[in-house]
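Each chain, letter by letter, is given below.
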Amino acid sequence: MENKIIARTLRLLSSLMELHNENPFKVRSVANAAFKVDKLPYPIYTKSLAEMEQVDGLGKSIAAKINELVQTNSIQELAELVNQTPPGIIEMMQIKGIGPKKILVIWKDLGIDTVGELYYACNENRLIEAKGFGLKTQEEIKKNIEFSIASNGRFLYAKIEKFADDLLELTKKTLNTELIYITGQFRRKCEIIDSLDFLIVGQASEEVMQKFISLGLENAEIIGQELKCKTESGLNVQFSFCNAEDLGKELIIKTGNTEHTEALLSILAGSDLKNKTEEQIYEITGLPFIEPELREGINEIELAKSNKLPELIQYSDLKGSLHNHSTWSDGIHTLEEMASYCKNELKLEYFGICDHSKSAFYANGLNELRVAAQHREIDKLNKKLAPFRIFKGIESDILYDGSLDYSNEVLASFDFVVASVHSILNMTEEKATERLIKAIENPYTTILGHPTGRLLLSRSGYPIDHKKVIDACAASNVIIEINANPLRLDLDWRWHQYAISKGVLLSINPDAHRIEGNLDMKYGTFIARKGGLSKLNCLNAMTLEQIVSVFEQQKIKCQLEK
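Residues numbered from 1 in each chain as written. Predicted model: local features only at pLDDT ≥ 70, side-chain atom pairs only at ≥ 80, totals over all residues. Heavy atoms only, no water.

Description of the pairing of strand β7 (residues 236–242)
Piece 1. The element β7 is extensively covered by neighbouring structure, given that 6 of its 7 residues are classed as buried.
Piece 2. In this structure, strand β4 (residues 195–201) lies alongside β7, joined through 7 bridges in parallel fashion. Bridge pairing in β7 links Leu 196 to Val 237.
Piece 3. Summarising the sheet, strand β6 (residues 226–230) and β7 pair through 5 bridges and their orientation is antiparallel. Residue pairing in the sheet places Glu 226 in a bridge with Ser 240 of β7. (Buried < 20%, exposed > 50% of the residue type's maximum accessible area, 1.4 Å probe, protein only. Helix = DSSP H or I, 4+ residues; strand = E, 2+ residues; numbered from the N terminus. Pairing = 2+ DSSP bridges.)

Dropping the structure here:
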């Protein structure tokens, strides 16, 4: 059982305890334990009860609850509280912006116990008069409910990747064939997956149906030459069948989106596509092969016609990892552990530490004294790990007015600065854009971090004028981050080509808070490929020598602007 699942269960327990007016001290203890478990660098389920009791922040009572959960997959106290709570109230607790105190008002004072009723009440403006609410809170709840509804049945690519790969191999084994291919959104490396699609060379028959039932897909049904089903988690899965002679054509049809496929087929009208591979079919059109990630019907065919398709970046092109956090702020591994992992396991040339700045008190941000102490540690580690290089970076909070939260003297001590917004996300588009542009124009800003602050499927990004922000980065020679965390993938890939056209470099940054987080650069690379990024336009595809030159040039610019 993963730590995140245990932590999520403890958070639910603490919320229900608060909802039912349990002892506030007990509520805080369980909530704090949830936070501790989520941050542990090892799986707690592997520990004995006695070992759990020794974990800082747990104690005997909560360790017993965790052990009970691990052993029985439930906690009796939680089960009792769940039985006392309407299912709609528990569902309500998953909506952002509604804590136990507000839910208690909604439930007891307003008599609302389902999400549907709550949404209707928002439309009727019934929440604004309730204690602790107001128009702003009501609109935020309404927006979050709408977001939750829109997200139903949708999944992050990274969350289903292993399931998809495992199902592919299992299907090959069950049907005794290698001629099965993943197509659709998954093959295009879309950040959000609505349907997991497979293409099988063969016929959809009753015999095949029985074999699919053996895979646990009991709800599968055959419609023509397609077999559709849905997993327990709500993921739509579709298997299509084709003859061997049509494989190349069907791979193209089943992979590209509607716009790409229709445009390509119009060029191919009347062509004999039997027994042709994908590559051969693109040759027939007179176009170079268009990689699956690009088949989104935007401008890839026009680029192909003018021979301007980019040579897409590869994960292996990355030479370093920038924007990382350690135990100096809110990471769970030490600076040395993070850097050593990148050097020894990932075989990278450099590492950029970007712990949180002093305004991020919630993340143990670094004040000026701690910045100086961290820099002394980096100097020692650079001697120890040479020729590998640790760069002195910081993730500096962009304040309400667009300024950064250190003096110029402190900012000058860093090799590079990632400027990011973490608070006050509800500005108008005009104000949010002005805020970012002011931060971009700060001569010490090297990289604009996760430009919209979005969290896929849970929080929309704050509204910005992308063109104005990208233009400002071009004018100030500021790099834009592609935050590789699968929850972010921000800057959105749909704006990569515009940035590239303006001469703006992009950087595939993991925003890692533990050593394994560096592996997220794979997902950042996938989304960079969708945006048409080549290694020539990527900051951390540069060699150590090249990136040192970039950082030194910025220091010269800052000195000239003093």
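With respect to the pattern of salt bridges
Piece 1. Applying the stated criterion across every chain yields a total of 28 salt bridges.
Piece 2. When the shortest N-O distance is used, the salt bridge between Glu 191 and Arg 494 registers 3.1 Å. Placement of the pair is Glu 191 in the loop between α11 (184–187) and β3 (192–193) and Arg 494 in the loop between β13 (479–483) and α22 (496–501), with a sequence separation of 303 residues.
Piece 3. Among the residues examined, Arg 494 registers a relative accessible area of 47% and is labelled partly exposed.
Piece 4. Lys 392 serves as the salt-bridge partner of Asp 379, at 2.9 Å between the closest nitrogen and oxygen. In this pair, Asp 379 is assigned in helix α18 (residues 368–385) and Lys 392 in strand β10 (residues 389–397), connecting sequence segments 13 residues apart.
Piece 5. Among the residues examined, Asp 379 registers a relative accessible area of 39% and is labelled partly exposed.
Piece 6. Overall, Lys 392 belongs to the buried group, its relative accessible area being 16%.
Piece 7. Sharing partners across several salt bridges, the network here consists of Glu 191, Arg 454, Asp 492 and Arg 494. (Salt bridge = Lys/Arg side-chain N within 4 Å of Asp/Glu carboxyl O.)

Comments concerning helix α1 (residues 3–19)
Piece 1. Under the 1.5 Å per step criterion, the end-to-end length of α1 is 24 Å for 17 residues, consistent within 8% with the ideal 24 Å.
Piece 2. Looking only at α1, the buried set comprises Asn 3, Ile 6, Ala 7, Thr 9, Leu 10, Leu 13, Ser 14, Leu 16, Met 17 and Leu 19.
Piece 3. Looking at the buried residues of α1, the elements they touch are α2 (24–39), α4 (59–72), α5 (76–83), α6 (87–92) and α7 (100–109).
Piece 4. Among the residues trailing α1, Asn 21 stands out with phi positive, at a value near 60°. (Expected span 1.5 Å × (residues − 1). Contact = heavy atoms within 4.5 Å.)

Here we look at the packing of α1 against α7
Piece 1. Where α1 contacts α7, the two axes come as close as 9 Å, and the packing angle between them is 50°. By the angle between their axes, α1 is oblique relative to α7. Where α1 crosses over α7, the handedness of that crossing is right-handed. Contacts between α1 and α7 pair Ser 15, Glu 18 and Leu 19 from the former with Pro 100, Lys 101, Ile 103, Leu 104 and Trp 107 from the latter. (Axes fitted to C-alpha atoms, helices over the stretch in contact; angles between N-to-C directions. Parallel < 35°, antiparallel > 145°, perpendicular 65-115°, else oblique. Left-handed = near helix turned anticlockwise from the far one by under 90°.)

As for the sheet that holds β4
Piece 1. One open sheet holds the 5 strands; their spatial order is β2-β4-β7-β6-β5, and the pairing between them is mixed. Every other strand in the sheet has two partners, leaving β2 (180–183) and β5 (221–223) as the edge strands with one partner each. Each neighbouring strand pair of the sheet contributes to a mean axis angle of 25°, computed without reference to strand direction.
Piece 2. Against the sheet, helix α12 (residues 206–214) touches β4, β5, β6 and β7, its axis set at about 150° to β7.

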